[in-house]
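# Residue-level structural notes
Given next are the chains, with one letter for each unit.
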Amino acid sequence: MPPRTTTRPHPPRPAQDRPAPALLATARAAAVRTAATRPAAVLLAGYLAELLFRLVLVRSMSFPSVHPDEDSYLALARVLAGGSATEIPVGVVVPGGYPLLISPALRLADDPATAYHLVMGVNAAVNALVLPLAYVALRRLGLNRRRSYAFGAATALLPPVVFYSQFVMTDAVLPVLVLAWLLCLHGWLADGPLRRRTWHAVGAGASAGCAMAVHDRGGVVVALTAAVLLGVLLLRRAPWRATAAGLAALGLGVLGAELLSAWLHAQFTVPDSDVGGSLWKGLTDPAIALQTLARAAGQVWYFIASTWGIGGLAVVACLGAVFDRRPPRALRITGGVLVALLFGTALAASAALPLDGRVDDWVYARYTSCLVPSAFVAGVAVLAGHGRRALVRTAAVAAGLVPLLAGVVALEAGERLHTSMFIPWTLPDVSFLAADWGRIDLPRTCAAVVFALGTVVLVRNSGGRRVLGALGVSLALFAAFATSTITAQVARPHAVGREGLATGFTRASGITADDNVVFAWDVDWALRATQTFEVYRGRVWFRDPRWQPVPAEANVMVLPLPEAGRPPEAYWPGHPADWYVERFDAGQNWAVWHRR
């Protein structure tokens, strides 16, 4: 018989060749740190790319062109930066949270153009935070890292998100605040350690208070936050300590907003805002109730259109989740709050804003734009998470809302949609969708929205979830194209067309940044508004010297010209001897007077 083979045991490994437990633990820890660092590095790179994209878009912006909003925020920022008070073009003290944010730019700069460039940098830096926040939201909603990153980039590049950041307006920061607020609400409501839920509750209360300090729309955010916090506290749906911390943060935020407003009021002699009175009248006056509802429908229509219908998926899904017990409670409540804020904001704005004879009286874009990132993220979650049939049903309802809401607006507004003033700045998204920059075309815009939504749903259902990454990248590229096109067609022409009333007038008039200037009420109101910022270190008053006293410190006056054929001095026949006409421009109808 063949000899039996035996396996000889290997000699024992020297102790120095064996991996020590400490070395294994170190290697594992390094791998964990590397895995955690990689997404953070990619997010940082994406944030910097978003920041650069925004800075490139505003590279030529150097003066305010949206009157009187930009001018008023800059006037408040000037005081908060330690400068002297000046005229507030809007006529009332608006919330000072945003001016407080941009005030360091005015403190650092020596001239208005540099200050404006710095403010654009602040806007871009804050606005680009939509990317990391959208990424976090999408991760919570179940998307993997790559898909969250792609759709987060698409969210941050959407035209309604970027467009308003190209001007000195609160809408540069409100989308970030609202998205952070909803994330904090969700984190507080979701199951988890008490410490984490407490910090999220504090974040929700604080971000709501900040929203109130930034704009009147923040009042709706505060009301919803208080209602949810108190309701959850009474129903014991969250740890009472976390909820109490959220209520305390909310109270402190509201107190801070009120104190800031009171301090600013003390710096100016202007009446209090009557937004509350206008809102109450718009909501309770039966004669305009139908008009208010139609205008609110128009705002919701524009909101869905500006998200290419994907925001409509969010609206339908969130409304359905409120009455469906299957989704987690945190998602149901957060989705319900999102929809409540959308409809509440649209209704409040429609009731409070007067009719100005403009097309955007009926389809106003700006006030609901702060919810665009949040709704787009929620719509992407529907796109990624729903099955084929459920997605088709949701998309069909969302698509049906588009012509339905447009029909409500068309029925109530009638010919006013075609005879009223069309301002491209107020309707950039629907102009892009209809490829018409000179008028509003409801049927064409509706068709474009339904087509875009249908295409996205068709691609998703045809390719399954494996095409989501490519779909996210495609939407990001399309968003970048749309935003760049709207900048070229709307934002830049808007600013260029108003240069003559800003820096152009300053050069032609010879007024310096240190002058103290009185503008007559009859001078073009946009010119008056812009010069409250261009007169950077001096100050501006709005007065008519023929019947109002001229401030003693004023050394320059800008008055209109009298009727043709008469000398400039004829406008102010009883002027003191120490005032004389230094130069005038018949084309723009102004004369610059100086004090000897």
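All values derive from a computational prediction rather than experimental measurement. (Residues numbered from 1 in each chain as written. Predicted model: local features only at pLDDT ≥ 70, side-chain atom pairs only at ≥ 80, totals over all residues. Heavy atoms only, no water.)

When helices and strands are tallied, the protein chain shows 23 helices and 5 strands. Within the protein chain, buried positions represent 53% of all 596 residues. Here the contacts in the protein chain between residues at least 6 apart in sequence split such that 74% fall between residues at least 24 apart. Total accessible area computed for the protein chain in this model is approximately 26400 Å², and 63% of it derives from carbon and sulfur atoms. Between the centroid of the 52 positive side chains of the protein chain and the centroid of its 37 negative side chains there is a distance of 23 Å. (Helix = DSSP H or I, 4+ residues; strand = E, 2+ residues; numbered from the N terminus. Buried < 20%, exposed > 50% of the residue type's maximum accessible area, 1.4 Å probe, protein only. Contact = heavy atoms within 4.5 Å. Areas by Shrake-Rupley, 256 points an atom, 1.4 Å probe, with all protein chains shown as cover. Lys, Arg positive; Asp, Glu negative; His and termini not counted. Charge placed at Lys NZ, Arg CZ, Asp CG, Glu CD.)

This part takes up the sheet that holds strand β3 (residues 556–559). Sheet architecture is open: 5 strands sit in the order β2-β1-β3-β5-β4, paired in mixed fashion. Unpaired on one side and paired on the other, β2 (539–542) and β4 (579–585) mark the two borders of the sheet. Neighbour-to-neighbour, the strand axes of the sheet open up by a mean angle of 25°, direction not taken into account. Pairing analysis gives 6 bridges linking β4 to strand β5 (residues 590–595), with the strands arranged antiparallel. Directly across from Asp585, in β5, lies its bridge partner Trp590. Contacts between helix α23 (residues 525–534) and the sheet are confined to β1 (516–519), β2 and β5, with β2 contributing the most and set at about 155° to the helix. (Pairing = 2+ DSSP bridges. Axes fitted to C-alpha atoms, helices over the stretch in contact; angles between N-to-C directions.)

A separate point is the packing of aromatic side chains. This model, assessed by the stated rule, comprises 20 aromatic pairs. Between Phe163 and Tyr164, the aromatic rings sit 5.1 Å apart at their centres with planes inclined by 80°, giving edge-to-face as the arrangement. Taken individually, Phe163 and Tyr164 each receive the classification buried, so the pair is uniform in this respect. An aromatic cluster of three or more residues is present, and its members are Trp308, Phe376, Phe432, Phe478 and Phe481. (Phe/Tyr/Trp six-rings, centres within 6.5 Å; stacked < 30°, edge-to-face > 60°.)

Between its terminal C-alpha atoms helix α8 (residues 174–189) stretches 23 Å, which fits the 22 Å expected from 16 residues at 1.5 Å a residue. Taking burial as the measure, the 16 residues of α8 include 16 buried ones, the bulk of the element. (Expected span 1.5 Å × (residues − 1).)

To continue, consider empty space enclosed by the protein. One pass over the full model with this rule turns up 1 cavity of 30 Å³ or more. By volume, the largest cavity is sized at about 40 Å³. What lines the largest cavity is simply Leu174, Val178, Arg217, Gly218, Val221, Leu341, Thr345 and Cys370. Of all the elements in the fold, those that place two or more residues in the lining of the largest cavity are α8, α10 (218–235) and α15 (329–352). For the lining of the largest cavity, the per-class residue count stands at 5 nonpolar, 2 polar and 1 charged. (1 Å grid on protein atoms, 1.4 Å probe; cavity = no way out; pocket = protein on both sides within 12 Å on 5 of 7 lines; lining within 4 Å. Points joined across faces, edges and corners; volume = space filled by probe spheres on them. Nonpolar A, V, L, I, M, F, W, Y, C, P; charged D, E, K, R; others polar.)

This brings us to helix α4 (residues 112–127). Taking 1.5 Å of rise per residue, the 16 residues of α4 would be expected to cover 22 Å, and the 22 Å separating its terminal C-alpha atoms lies within 8% of that figure. Those residues of α4 lying buried are Pro112, Ala115, Tyr116, Val119, Met120, Asn123, Ala124, Val126 and Asn127.

Another point: the packing of helix α3 (residues 97–108) against α4. It is the contact of α3 with α4, at a shortest axis distance of 8 Å, that shows an interaxial angle of 140°. Here α3 lies oblique to α4, going by the angle between them. For the pair α3 and α4, the sense of crossing is right-handed. Residues Tyr98, Leu101, Ile102, Ala105, Leu106 and Leu108 of α3 touch α4, and the partners they reach there are Ala115, Leu118, Val119, Val122, Asn123 and Val126. Looking at the contact of α3 with α4 residue by residue, the class counts come to 11 nonpolar, 1 polar and no charged. (Parallel < 35°, antiparallel > 145°, perpendicular 65-115°, else oblique. Left-handed = near helix turned anticlockwise from the far one by under 90°.)

Below, the discussion takes up the packing of helix α13 (residues 289–306) against α15. At their nearest, the axes of α13 and α15 sit 8 Å apart, and the two run at 130° to each other. Classified by the angle between their axes, α13 and α15 sit oblique to one another. Handedness of the α13/α15 crossing: right-handed. Where α13 abuts α15, its residues Thr292, Leu293, Arg295, Ala296, Gln299, Val300 and Phe303 lie against Leu342, Phe343, Ala346, Leu347, Ala349, Ser350 and Ala351. Along the lines of polarity and charge, the residues of the contact of α13 with α15 split into 10 nonpolar, 3 polar and 1 charged.

Using the criterion set out here, one finds 15 salt bridges in the structure. Glu87 serves as the salt-bridge partner of Arg543, at 4.0 Å between the closest nitrogen and oxygen. Of the two residues, Arg543 sits in the loop between β2 and β3 while Glu87 sits in the loop between α2 (69–80) and α3, which places them 456 residues apart along the sequence. By relative accessible area, Arg543 is classed as partly exposed at 24%. You can call Glu87 buried: its relative accessible area is 16%. The salt bridge partner of Arg583 is Glu582, with a shortest N-O separation of 2.6 Å. Looking at Glu582, the relative accessible area reads 33%, which means it is partly exposed. (Salt bridge = Lys/Arg side-chain N within 4 Å of Asp/Glu carboxyl O.)

With that settled, consider the state of the cysteines. The final tally for this structure, using the stated rule, is 0 disulfides. As a non-bridged cysteine, Cys184 has Cys210 as the owner of its nearest cysteine sulfur, 11 Å distant. In this structure Cys184 comes out as buried when scored by relative accessible area, which is 17%. Summary of cysteine pairing: Cys318 is not part of a disulfide, and the nearest cysteine sulfur, belonging to Cys370, is at 15 Å. (Disulfide = S-S within 2.5 Å.)

Within the largest apolar cluster, 157 residues are counted, with the highest numbers of intra-cluster contacts made by Leu106, Val168, Trp181, Trp188, Trp301 and Trp425. If one sorts the elements of this core by residue count, α8 sits on top with 13 residues. Here Trp181 is in contact with Ala204, Ser207, Ala208, Val221, Leu224, Thr225, Val337 and Leu341, once residues within four sequence places are set aside. Listed in part, the 26 residues of the second largest apolar core include Val517, Leu527, Leu561 and Trp572. (Core = buried A, V, L, I, M, F, W, Y, C linked by side-chain atoms within 4.5 Å.)

Turning next to the layout of surface pockets. Here the second largest pocket defines a volume of roughly 830 Å³. Lining the second largest pocket we find 34 residues, and of these Leu141, Leu331, Ala378, Ala381 and Val382 sit closest to its centre. Listed by contribution, the elements that provide at least two residues to the lining of the second largest pocket are α5 (130–140), α8, α14 (310–322), α15 and α16 (372–385). For the lining of the second largest pocket, the element with the highest residue contribution is α16, accounting for 7 residues. The class makeup of the residues in the lining of the second largest pocket is 19 nonpolar, 9 polar and 6 charged.

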